[in-house]
Amino acid sequence: MFKELIKTNADALDALKNARIVIADERNHEQGSLYEMLLEAGCNRLISTISEETILESLRQGYRHESQQVDLLILSSSIENFDVLQLSQNISKRDASGTPILFLSQGSGWWDENQLLTAYQAGAVDLLMRPLRITEVIPRINLALQYRHERKHRLNQEENLNTELSERRVMETRLNYLLNHDELTSLPSRHRLESALKISLSKSHNLHRTCALLYIDIDHFRIINDTLGHDNGDKILIRLADLLKKSSPDNALIARIGSDEFGILIDDVDKLVAMDLALLIYQELETLVCEEMDTQMNVNANIGVVMIHPGTDNKTASEVLARGDQACHIAKNRSKNRIYLFNHNDPEIKELQQNRQCVTLVRKAISNDWFELYLQPIVNLSDNSNSHYEVLLRLTDNTGETHSPANFVPAAESSGLIHKLDFWVVDHALSLLEQLPLDHANISLSINLSGDGLETPALLELIKNKLAYHSINPSRIMFELTETAAVKDVQKTRETIAKLRAIGCRFAIDDFGTGFSSFNYIKNYPVDYIKIDGMFIQNLVNEPTDQILVKSMVDIAHNLGKKVIAEYVENQETVNLLRTYGVDYVQGYHLGKPMPAAELLGLY
Ligand code: C2E
Ligand code: CA
Ligand code: CA
């Protein structure tokens, strides 16, 4: 019977056989006792006892060695030598991980309701009634064993969870530290400075305190790193951090806010003290001695000082930091004592802020494709034909406002984004030619290029590939290179111009006459056209000086074999005058204003 019962569950049989079970029952040695039943079932780790001491000792062994752990304690409800209920209570109070206790009653109805309740309260998980039937006893013992197993499993899980939680807490603390501190110098980080700035701003606002931020940028730190190596660069940064700590007042917060930038926030300080501190730091850095490297460093710093006055417009912490950065930028342009006190009314600051806003605008425009090509006609005066256009870029932002390149091109140039614009314009202008219907095959375009655009080999490749891929005749493309453009590598630019002219593209010098070395330019660069700057043309009819200058520019250009374009032609009198001078092409509002390319060429 038992075998059949147990056969159905091999795992249960295994658990039962290996379980360490203590049975405290005065009738253990009687035939048909629970002890006998379990022996017969194959339990080989049974302990039979009626001594309280043996029970406790068995439990103790289990606490000391896991292999000796008691899996189940079966207590007869009455044992002469001791109080079973009391023992059970004591054990379950102390042994929370729980050896399950099973009560064995003397006979059915032997315990009344109260006693049953007391037994459960004393920690019993189950109660077996005599007479015992093996088919009932074994499953219930198995259940009690499982109970223990699950309780242990739960406790382990809880323990694991606690360990995990405490590990996570340690990690969070570490991350928090890293977020708020710079690892190299151990100084507070930019994040930490921003938090402190928020507090200073509210102190200034609510308690009418004046605070100051010193924004310190180390000049040419990259060169220090490149020449002395990064290890030495690190040592210098640590020395710098020490110096800043030593020079600053006790209540100052000194933070490393960029790779070579530091910020010092001082509460409750007036402008003179803040400026004095800036000067002191500036001078000390100039004679910085790095002991590890046994050398004097002469570190040059630029220091921007921002005062936070009560009731002024320092709105947010990041705005104050941005002002510090701007002040630092202006300080950099000073010839000596490169310290600058931020003043939002200073035209230099206004210009810088506009430039930065423009850079942000251009970045957004690039990623959102906010650009459009406009075309303005350039008329051939020999036959009044009109098949050549200058490509002019327009940027329309998300509010619908259209910006002139005169505003955003300088920002794009100063931030290096101009290459992307040049690429975009060349790419789209050539695509435009390719899309034109056959009856527009005579249309040609002038494309403005930035100064160092021609030093980028990738642009030359793009032009060559696009022309070849779309089978566009290269003579339909002219490039305008402005005379005032900052060309860094004259030789390279000359070579690129020569390469593009060799495949048939044409070149013009734009804004001719505005620079100091116009004639040098014309000598240096192999171009086909010169475009006289609009400022000589706009008032030509009324300006005898302009007339003399324009006439001589035309003569020189023609003598050098170059054709002449005049821009900013705003009335017919100017056209007539230019015609008498022998100017070849005219462009200006009188001949046609810039218009969206697709509209002008009917490409809808
Ligand atoms: P720019 O090359 O000298 O272009 C001529 C500028 O004069 C254009 O301004 C044009 O709209 C304007 N203009 C044309 N006719 C008249 C006129 O009769 N009277 C007056 N007062 N103005 C006239 P825009 O389009 O604002 O361009 C300004 C400058 O931005 C351009 O000067 C050029 O240097 C630059 N630019 C324009 N498009 C591009 C481009 O695609 N790439 C690059 N790198 N620069 C560009
Ligand atoms: Ca131009
Ligand atoms: Ca021009």
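Here's what I pulled together on the structure shown here.

Reading the values: the criteria
Residues numbered from 1 in each chain as written. Chains lettered and ligands numbered in written order. Predicted model: local features only at pLDDT ≥ 70, side-chain atom pairs only at ≥ 80, totals over all residues. Heavy atoms only, no water. Near = heavy atom within 4 Å. Polar contact = N/O pair within 3.5 Å; in protein donor to acceptor, adjacent residues only side chain to side chain. Areas by Shrake-Rupley, 256 points an atom, 1.4 Å probe, with all protein chains shown as cover. Helix = DSSP H or I, 4+ residues; strand = E, 2+ residues; numbered from the N terminus. Nonpolar A, V, L, I, M, F, W, Y, C, P; charged D, E, K, R; others polar. Donors = N, O, S within 2.8 Å, 3.2 Å for Na, K, Ca; no water. Buried < 20%, exposed > 50% of the residue type's maximum accessible area, 1.4 Å probe, protein only. Core = buried A, V, L, I, M, F, W, Y, C linked by side-chain atoms within 4.5 Å. Contact = heavy atoms within 4.5 Å. Salt bridge = Lys/Arg side-chain N within 4 Å of Asp/Glu carboxyl O. Pairing = 2+ DSSP bridges. Right-handed = clockwise from strand over helix to strand, strands pointing away. Axes fitted to C-alpha atoms, helices over the stretch in contact; angles between N-to-C directions. Phe/Tyr/Trp six-rings, centres within 6.5 Å; stacked < 30°, edge-to-face > 60°. Lys NZ or Arg CZ within 6 Å of the ring centre and 35° of its normal.

## Some remarks on the site of ligand 1
Then, in step 1: Q376, R394, S404, E570 and Y589 are the nearest of the 23 residues found near ligand 1.
Then, in step 2: Here a nitrogen atom of ligand 1 sits 3.5 Å away from a polar atom, N or O, in the side chain of D422.
Then, in step 3: Contact with the protein chains removes 87% of the 790 Å² of surface that ligand 1 exposes when unbound.
Then, in step 4: Those elements giving two or more residues to the shell around ligand 1 turn out to be β14 (385-396), α14 (405-415), α15 (418-435) and β18 (506-512).
Then, in step 5: Residue contributions to the shell around ligand 1 peak at 4 residues, all from β14.
Then, in step 6: Grouping the constituent residues of the shell around ligand 1 by class yields 10 nonpolar, 6 polar and 7 charged.

## A word on the coordination of the calcium ion (ligand 2)
Then, in step 1: Of the protein atoms, only E390 (OE), N448 (OD1), E480 (OE) and D510 (OD) coordinate the calcium ion (ligand 2), at distances of 2.2 to 2.3 Å.
Then, in step 2: Binding-site remark: the calcium ion (ligand 2) is held by donors from one chain whose sequence spacing is E-x57-N-x31-E-x29-D.
Then, in step 3: Metal-to-metal, the separation of the calcium ion (ligand 2) and the calcium ion (ligand 3) is 4.1 Å; D510 coordinates the two. Placement of N448 in strand β16 (residues 444-449) and of E480 in strand β17 (residues 477-482) is noted, with a sequence separation of 32 residues between them.

## What to know about the coordination of the calcium ion (ligand 3)
Then, in step 1: Only D510 (OD), D511 (OD), E567 (OE) and E567 (OE) from the protein reach the calcium ion (ligand 3) as donors, at distances of 2.2 to 2.6 Å.
Then, in step 2: Counting the intervening residues between successive donors of the calcium ion (ligand 3) yields the motif D-D-x55-E.
Then, in step 3: With a relative accessible area of 8%, E567 lands in the buried category.

## Concerning the nonpolar core
Then, in step 1: Of all hydrophobic cores here, the largest spans 74 residues; its most connected members are V426, F479, I532, V550 and L578.
Then, in step 2: In terms of residue count, α15 provides more of this core than any other element does, 9 residues in total.
Then, in step 3: Other than its neighbours up to four places away in sequence, L578 contacts I537, L540, V550, A566, V569, V583 and V586.
Then, in step 4: I224, A241, L288 and V299 belong to the second-largest nonpolar core, a separate cluster that totals 32 residues.

## A closer look at the environment of L393
Then, in step 1: One can find L393 in strand β14.
Then, in step 2: Here L393 falls in the buried class, since its relative accessible area comes to 11%.
Then, in step 3: Taking C-alpha positions, L393 is 9.5 Å from P596, a pair spaced 203 residues apart along the chain.
Then, in step 4: Look past the residues within four positions of L393 in its chain and what remains in contact with it is F371, E372, L373, P405, F408, L421, W424 and V425.

## Some remarks on the pattern of salt bridges
Then, in step 1: One pass over the structure, following the stated rule, counts 22 salt bridges.
Then, in step 2: In this structure, R174 engages E183 in a salt bridge whose closest nitrogen and oxygen atoms are separated by 3.2 Å.
Then, in step 3: D242 is paired through a salt bridge with K245; the nearest N and O atoms lie 4.0 Å apart. Of this pair, D242 and K245 both sit in helix α10 (residues 230-247), separated by 3 residues, roughly a single helical turn.
Then, in step 4: Among the residues examined, K245 registers a relative accessible area of 42% and is labelled partly exposed.

## Topic: the pairing of β17
Then, in step 1: Extensive coverage of β17 is indicated by the burial of 6 of its 6 residues.
Then, in step 2: Burial of β17 is two-sided: the residues I477, F479 and L481 facing one way and the residues M478, E480 and T482 facing the other way are all buried.
Then, in step 3: As paired strands, β16 and β17 are joined by 5 bridges and run parallel to one another. Counterpart to S446 in the pairing with β17 is M478.
Then, in step 4: Chirality of the crossover, the property in question, places the unit of β16, helix α16 (residues 457-469) and β17 among those that are right-handed.
Then, in step 5: Pairing analysis gives 5 bridges linking β17 to β18, with the strands arranged parallel. Paired with E480 across the strands is A508, a residue of β18.

## Description of the sheet that holds strand β6 (residues 211-218)
Then, in step 1: Taken in spatial order, the 5 strands make up an open sheet running β7-β8-β6-β11-β12, and their pairing is mixed. Each of the sheet's edge strands pairs with one partner strand only, and the pair in question is β7 (253-258) and β12 (339-341). Going across the sheet, the axis of each strand differs from the next one's by a mean of 20°, ignoring polarity.
Then, in step 2: With 3 bridges joining them, strand β11 (residues 301-308) and β12 adopt parallel strand pairing. Residue pairing in the sheet places G304 in a bridge with Y340 of β12.

## Digging into unusual backbone geometry
Then, in step 1: The linkage connecting R130 with the following residue, P131, adopts the cis geometry, with an omega of -5°.
Then, in step 2: Mapped onto the elements, P131 comes out in the loop between β5 (124-128) and α7 (134-180).
Then, in step 3: For N384, which is not glycine, the phi dihedral falls at a positive 55°.
Then, in step 4: Residue S471 is not a glycine yet carries a positive backbone phi of 50°.
Then, in step 5: Within the fold, S471 resides in the loop between α16 and β17.
Then, in step 6: Residue class for S471 comes out exposed when judged on its relative accessible area of 65%.

## Quick notes on the packing of aromatic side chains
Then, in step 1: Tallied over the full model, the rule gives 6 aromatic pairs.
Then, in step 2: Taken together, the ring pairs in this structure connect F371, F408 and W424 into an aromatic cluster.
Then, in step 3: Positioned above the aromatic ring of Y589, the side-chain terminus of K593 is 4.8 Å from the ring centre.

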